[in-house]
Amino acid sequence: MPRAVRYLAVRLGAAVLVVWGAATCAFAVLQLVPGDPVDAVVGSQALVDAAQRAEIRQHYGLDDPLAVQYAAYLGRLLRGDLGDSYQLQQPVARVLSEQLGPTLELALYATLLAVALSVAVTVLTSGRSRWPRRVSALVELVVVSTPSFWFGIMLLTVFSFRLGWFPVSDSGDARSLVLPVLTLALPIAAVLAQVMREGLLDALRQPFALTARARGLREHTVRSRHALRHAALPALTLAGWFTGTLLGGAVVVESVFARSGIGRVALQAVGGRDLPVVQGVVTLSAVAFVVVGAVVEVLYAVVDPRLRKGTGVAAA
């Protein structure tokens, strides 16, 4: 139990440092962005005299020294207060919570599809002749090298504009999710398949695989039950990292497919210099990385029971 408590304390401290670092970087970088935040409050074309602008700056604490603004910013974060949006004139937490659902739905389906595709491609191509592996590696390289926005536009052009199989924008039904999910999932699946295939081929050369064959197990059983589990560990790390970055990918996908979500909110906030919303999105991204990292560590212990003693998961 002490080991488990110590482990959880270290992980919690690391999580706090990650969120604090992301929030601090967001605060510092946004101070360097040119322009006056008051313009985001009143609009760049609004006719506001100097007295009114000074009153707005005082209301939002923009006339305080940077150290005071930073301290107030961290204090709000500790209370769970992300501030108020300059443009929307409502709490940032409410803005993000209203748009979080569509983005989470998109990220979840993209992750599941990417994992399923990568496992299928790995099992079908590893251990075969060289040509299937070479063709698969070439396709994966092309998919990874293709920008997401171009991939999304091509999918729209073929399957929406020409064939009419899927709606052009978000229509509220399941069909409108297919193309955005594919756009997000295929590059991730390509990378995961490359890593898993190399890991599986390496695992099949390990002594435990030779022992399993000597015991009379079929090659399919050796691959699916033993070798694939070992190959999944590095891919699991990448899958967790990619899941954390899907919020950034959602910016492009939600814009191309005209979907609501955190990505479009972040893009509009950056364009309008709505600093509290941008800071809220960055903080939310950091929290997402922390949560996904914790889930990945638990999955490590599930996939490889040898790791439970080191992490204290079993004791917890």
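Refer to the structure presented above.
Keep in mind that what you see is a predicted model, and the values were worked out from it rather than measured.

Student: How should the overall build of the protein be read in this particular structure?
Tutor: Scanning the protein from N- to C-terminus turns up 13 helices and zero strands. Counted from the first residue to the last, the protein has its helices and strands arranged as α-α-α-α-α-α-α-α-α-α-α-α-α.

Student: Help me understand the packing of helix H7 (residues 148–162) against helix H8 (residues 175–203) in this model?
Tutor: A packed helix pair is summarised by two numbers, namely the angle formed by the two axes and the spacing between the axes. Interaxial distance between H7 and H8 falls to 10 Å at its minimum, and their mutual angle equals 145 degrees. Taken as a pair, H7 and H8 cross one another with a handedness that is right-handed. Each of Ser148, Phe151, Gly152, Leu155, Leu156, Phe159 and Ser160 in H7 lies in contact with H8, whose residues at this interface are Leu179, Leu182, Thr183 and Leu186. For the contact of H7 with H8, the residue count by class is seven nonpolar, four polar and no charged.

Student: Explanation requested: the nonpolar core in the structure shown.
Tutor: Side chains that are nonpolar tend, in soluble globular proteins, to be buried together. Counting residues in each nonpolar core, the largest one holds 17 residues, and the members touching the most others are Leu106 and Leu179. Those elements that place two or more of their residues in this core are helix H5 (92–125), H7 and H8. Considering every element that reaches this core, the biggest residue donor is H8, with eight residues. In this structure leucine 106 touches Leu177, Pro180, Val181, Leu184, Val253, Glu254 and Arg259, once residues within four positions along its chain are discounted.

Student: Teacher, can you tell me more about H8 here?
Tutor: For the α-helix, the turn length of 3.6 residues means that residues three or four positions removed from each other point alike. Taking 1.5 Å of rise per residue, the 29 residues of H8 would be expected to cover 42 Å, and the 39 Å separating its terminal C-alpha atoms lies within 8% of that figure. For H8, the principal kink sits at alanine 185 and spans about 30 degrees; a proline, proline 187, occurs within the next four residues. With 21 of 29 residues buried, H8 lies mostly within the body of the structure.

Student: Help me out: how do you make sense of the packing of H5 against H8 in this one?
Tutor: Across the interface, H5 lies against H8 with an axial gap of 6 Å and an inter-helix angle of 40 degrees. Between H5 and H8, the angle falls in the class oblique. Between H5 and H8 lies a crossing of right-handed hand. Residues of the contact of H5 with H8, tallied by class, amount to 22 nonpolar, three polar and two charged.

Student: Even after reading the chapter, I still don't get the side chain of serine 160, so can you show me in this structure?
Tutor: Along the polypeptide, serine 160 turns up in helix H7. Among the polar contacts listed, one links the side chain of serine 160 to the backbone oxygen of phenylalanine 166, at a separation of 3.1 Å. Sequence-distant contacts of serine 160, that is, excluding residues within four places in its chain, are made with Leu155, Phe166, Pro167, Val168 and Leu179.

Student: So what exactly am I meant to see when it comes to the environment of glycine 199 here?
Tutor: Within the secondary structure, glycine 199 sits in helix H8. Residue glycine 199 is classed as buried on the basis of its relative accessible area, which comes to 17%. The spatial distance from the C-alpha of glycine 199 to the C-alpha of threonine 122 is 9.6 Å, given a sequence separation of 77 residues.

Student: Could you clarify how one ought to interpret empty space enclosed by the protein in this entry?
Tutor: The rolling of a water-molecule-sized probe over the atoms marks out the regions of remaining empty space. Summed over all chains, the structure comprises two cavities of 30 Å³ or more. Computed from the structure, the largest cavity encloses a volume of approximately 40 Å³. Along the walls of the largest cavity sit ten residues, with Pro167, Val168, Ser176, Pro180 and Phe257 positioned nearest its centre. Residues belonging to the lining of the largest cavity are distributed by class as follows: six nonpolar, two polar and two charged.

Student: Would you mind showing me how to read a nonpolar patch on the surface here?
Tutor: A contiguous nonpolar patch, built from Phe149, Trp150, Ile153, Met154 and Val252 and spanning about 440 Å² of accessible area, is present on the exposed surface. Looking at the nonpolar patch element by element, the count peaks at four residues for H7. Residue placement: methionine 154 occurs in helix H7. Look at methionine 154 and you get partly exposed, because its relative accessible area is 32%.

Calculation rules
- Residues numbered from 1 in each chain as written.
- Predicted model: local features only at pLDDT ≥ 70, side-chain atom pairs only at ≥ 80, totals over all residues.
- Heavy atoms only, no water.
- Helix = DSSP H or I, 4+ residues; strand = E, 2+ residues; numbered from the N terminus.
- Axes fitted to C-alpha atoms, helices over the stretch in contact; angles between N-to-C directions.
- Left-handed = near helix turned anticlockwise from the far one by under 90°.
- Contact = heavy atoms within 4.5 Å.
- Nonpolar A, V, L, I, M, F, W, Y, C, P; charged D, E, K, R; others polar.
- Core = buried A, V, L, I, M, F, W, Y, C linked by side-chain atoms within 4.5 Å.
- Buried < 20%, exposed > 50% of the residue type's maximum accessible area, 1.4 Å probe, protein only.
- Expected span 1.5 Å × (residues − 1).
- Bend = angle between axes of the 7 residues up to and from the residue.
- Parallel < 35°, antiparallel > 145°, perpendicular 65-115°, else oblique.
- Polar contact = N/O pair within 3.5 Å; in protein donor to acceptor, adjacent residues only side chain to side chain.
- 1 Å grid on protein atoms, 1.4 Å probe; cavity = no way out; pocket = protein on both sides within 12 Å on 5 of 7 lines; lining within 4 Å.
- Points joined across faces, edges and corners; volume = space filled by probe spheres on them.
- Patch = residues over 30% accessible without salt bridge, like charges linked within 9 Å, V, L, I, M, F, W, Y side chains within 5 Å.
- Areas by Shrake-Rupley, 256 points an atom, 1.4 Å probe, with all protein chains shown as cover.
- Salt bridge = Lys/Arg side-chain N within 4 Å of Asp/Glu carboxyl O.

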